[in-house]
Each structure stands twice: as C-alpha cells, then as structure tokens.
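Chain by chain, the residues:
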Amino acid sequence: MEVLKSKKILQDFVERQREMGKRIGFAPTMGALHEGHLSLYEEARKENDLVISSIFVNPTQFNNQEDLAKYPRDIQRDLEILRKSGLVDAVYVPEVIDIYPEQAKSDNYDFGGLENEMEGKSRPGHFDGVGTVVEELFRQVKPNCAYFGEKDFQQLAIIKKMVEMRNLPVKIIGVPIYRAENGLALSSRNQRLSEDRREASKVIYETLLKVKGWFKEHSYEIIKEKVKDIFDNQHSMKLEYFLIADEKDLKEVEFFYNDRNYRAFIVVVVDGVRLIDNLPM
Ligand code: PAF
C-alpha cells in the first residue's frame, strides 16, 4: 500500500493510474478506522481496479472546537489497519495546506435546502465544511466512484447533490450501515464510550426496529411519544432528536404516503458522546 503524503505525490500517482486506464474507487475518511470503513473499501473493490482512501481530519466541518480537539487521531494505528486489511492500494494523508492552500475556510453552498434539516440545525456550517473538503478531494483524486456510509445519510444526500450541481464526473455510492453484534452503528466516536455504555447504547437500534414495526400501525405523534418514553427511562442518555423524514428532501413528515420512501433518524447523547443512527421504514 502506498502512503501519499502530499498533493503533488497524490497527483503523480493518480496520473500514472489514469494513463494505465485504471478505474479508481475512493473512500474518504477522517481516520479512527473501524470495520465500517473496511466495508466501504470492500464495496469499492468490487467495481474498480484500485481503491484509494484518504485520512484527513477536516477542520472546517467542526462547528465545535472542542469536538475537533477531541477527535481521535492515531495515524500509525490507521495505517496498520489498512495494511492488514489488504483492501486499499493507496492512502492519501494530506496536510491542511494541501487541501486549503490559503486559509482553512469553507465555501458557501446551497444544497437545495437539504443542509437546513436535521444535522444542519444542530451543527451550523457543518455541511459547508463537508462539501468543501469532499469537492477538493474529488478534484485531486479524480475517482470514478466514491463510497460513503449510510450512517451519515444526510451527508450522503448532500454529496450526491453537490456532484450534480458541480457536474463532477464521479458516481456516488451509499453503503449500508455496519453494525456491531448488538446492533450499535459503528462510529469512530464509539471509542469514547466505556464497554458498558456501548452495550447499553444498543437501545438506539432496538428503538429504530420498534419504530419500523409501529410505522404501519400508529400515528406519527404516537410513535414520537413512544420513542421519547424509551429514552426518558435510560440512564445517562439524552434523546437529542428523533424524526421520520422523506428520503428525497429529508423534510420531517406530517402524513405518510404509500408511494414515498421514509427513513427514521435519531440522535442520542450517551455520556456526552453524540451517536447518530437511521433506518429505512
Ligand atoms: O464522513 C466523514 O468521515 C467525513 O465527513 C468526510 C466525508 C471524510 C469528509 O471529511
């Protein structure tokens, strides 16, 4: 596996691959790698000649400086995981200057309103930061296909929108959420939870499964009350939001129509760690 430590080294590598007519699959990350990331690479291997990943903790997508400071960083551990997996041909590990040559600042995007729902309300400016870094990475890596986890479903929708708006020649592929045995969605943030708390957090996925069952039987108001009751009774957990939205525009629903696809979204803070999850209805 090649470790590409600057924009120049990456671009030379990409140039060589493209001259050989290779199809590039790309999965960007912020490191703290886990099986969820490996599932992106596995998907990427299926339809490309080579897989490139990147590890870059993007400062512009953190609206909270404390969150940025606390973000787990262990590049040696990550490189070891990548080498052992044998799934990645090259990893791009840029410096801030390779991505933001002048100033680490986001562009302002209009994602057609997608950015104002859910996470956009809780994390102002977050999706401008994501759009900026992903667009720049696409311009540098020039992938044919790029892979993103469905855990960050809103991010996935926004990246699809950005590619369409900017007319970028890359196909975006969403990869289903990778879950621990107890159902907890894998996330780099899980590392900040004790084993005990990780086990207790399975209630998040269990709740989503219950919601899927209730979806056909109960009104939205009743479903919301039931979810609230579950988390009112959980020790050290705070339900930040739960809602069901149309998958297309991510707007919270009032009524359900048969010909639309809905998804339940949930954010729970467990011992100060913000966990997000979702499930199609
Ligand atoms: O999902 C992530 O890890 C990040 O938001 C991404 C897409 C790598 C951009 O920094």
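Residues numbered from 1 in each chain as written. Predicted model: local features only at pLDDT ≥ 70, side-chain atom pairs only at ≥ 80, totals over all residues. Heavy atoms only, no water.

Asks: It is not clear to me how the overall build of the chain should be interpreted in this structure. Could you clarify?
Replies: Helices and strands together make up the secondary structure of the chain, namely eleven helices and nine strands. Taking 19 Å as the expected radius of gyration for a compact globule of 281 residues, we find that the chain reaches 19 Å, a close match to that expectation. By principal-axis analysis of the C-alpha atoms, the chain measures approximately 60 × 40 × 35 Å. Per-residue burial for the chain yields a buried fraction of 53% across its 281 residues. Looking at the chain alone, contacts between residues at least 24 apart form 72% of all its contacts between residues at least 6 apart. Here the chain displays about 14100 Å² of accessible surface, and carbon together with sulfur accounts for 46% of that area. Distance between charge centres in the chain, computed from 42 positive and 48 negative side chains, equals 1 Å. (Helix = DSSP H or I, 4+ residues; strand = E, 2+ residues; numbered from the N terminus. Rg over C-alpha atoms; globule rule 2.2 N^0.38 Å. Buried < 20%, exposed > 50% of the residue type's maximum accessible area, 1.4 Å probe, protein only. Contact = heavy atoms within 4.5 Å. Areas by Shrake-Rupley, 256 points an atom, 1.4 Å probe, with all protein chains shown as cover. Lys, Arg positive; Asp, Glu negative; His and termini not counted. Charge placed at Lys NZ, Arg CZ, Asp CG, Glu CD.)

Asks: Help me understand the site of the ligand in this model?
Replies: The immediate surroundings of the ligand are formed by Pro 28, Thr 29, Met 30, Asn 58, Gln 61, Val 133, Phe 148 and Gln 155. Between the ligand and Gln 61, the relevant distance is 2.6 Å, taken from an oxygen atom to a side-chain nitrogen or oxygen of the residue. Gln 155 is positioned with one of its side-chain polar atoms (N or O) 2.7 Å from an oxygen atom of the ligand. For the ligand, whose accessible area on its own is 290 Å², the fraction buried by protein is 87%. Broken down by class, the residue content of the shell around the ligand amounts to four nonpolar, four polar and no charged. (Near = heavy atom within 4 Å. Polar contact = N/O pair within 3.5 Å; in protein donor to acceptor, adjacent residues only side chain to side chain. Nonpolar A, V, L, I, M, F, W, Y, C, P; charged D, E, K, R; others polar.)

Asks: Help me understand the pairing of strand E3 (residues 50-55) in this model?
Replies: Consecutive residues of a regular strand have side chains that alternate between opposite faces of the sheet. For E3, the tally of buried residues reaches six of six residues, placing the bulk of the element in the interior. Burial along E3 is two-sided: the residues Leu 50, Ile 52 and Ser 54 and Val 51, Ser 53 and Ile 55 are all buried. With helix H2 (residues 35-46) bridging strand E2 (residues 24-29) and its parallel neighbour E3, the resulting β-α-β unit is right-handed. Direction of pairing for E3 relative to strand E4 (residues 90-92): parallel, over a ladder of three bridges. Bridge pairing links Ser 54 to Tyr 92 in E4. (Right-handed = clockwise from strand over helix to strand, strands pointing away. Pairing = 2+ DSSP bridges.)

Asks: So what exactly am I meant to see when it comes to unusual backbone geometry here?
Replies: Glycine aside, residues mostly have negative phi, and peptide bonds are mostly found in the trans state. For Met 118, which is not glycine, the phi dihedral falls at a positive 30°. Mapping Met 118 onto the fold places it in helix H6 (residues 118-122). The phi dihedral of Asp 271 falls on the positive side, at around 50°, and the residue is not glycine. For Asp 271, the position within the fold is in the loop between strand E8 (262-270) and strand E9 (273-280). A residue is classified by how much of its surface remains accessible, and Asp 271, at 46% relative accessible area, is partly exposed.

Asks: Can you walk me through the side chain of Asp 128 in this structure?
Replies: By secondary structure assignment, the location of Asp 128 is in helix H7 (residues 126-141). For the buried residue Asp 128, which engages in no salt bridge, the nearest side chain bearing the opposite charge is Arg 166, 8.4 Å off. Engagement of the side chain of Asp 128 in a polar contact is seen with the backbone nitrogen of Tyr 109, the distance being 3.0 Å. When neighbours within four sequence positions are excluded, Asp 128 is seen to be in contact with Ser 106, Asp 107, Asn 108, Tyr 109 and Phe 111. (Salt bridge = Lys/Arg side-chain N within 4 Å of Asp/Glu carboxyl O.)

Asks: Mind showing me how you'd approach the pairing of strand E5 (residues 145-149) here?
Replies: Of all the five residues making up E5, four are buried; the element is thus mostly covered by neighbouring parts of the structure. Two strands pair when backbone bridges link them, and E2 and E5 are joined in this way by two bridges, in the parallel orientation. Paired with Gly 25 across the strands is Cys 145, a residue of E5. Note: E5 against strand E6 (residues 171-175), five bridges, orientation parallel. Looking across to E6, one finds that Phe 148 is bridged to Gly 174. Of the crossover connections in this fold, the one passing from E5 over helix H8 (residues 153-166) to the parallel E6 is right-handed.

Shape is all these values report; function is a separate question.
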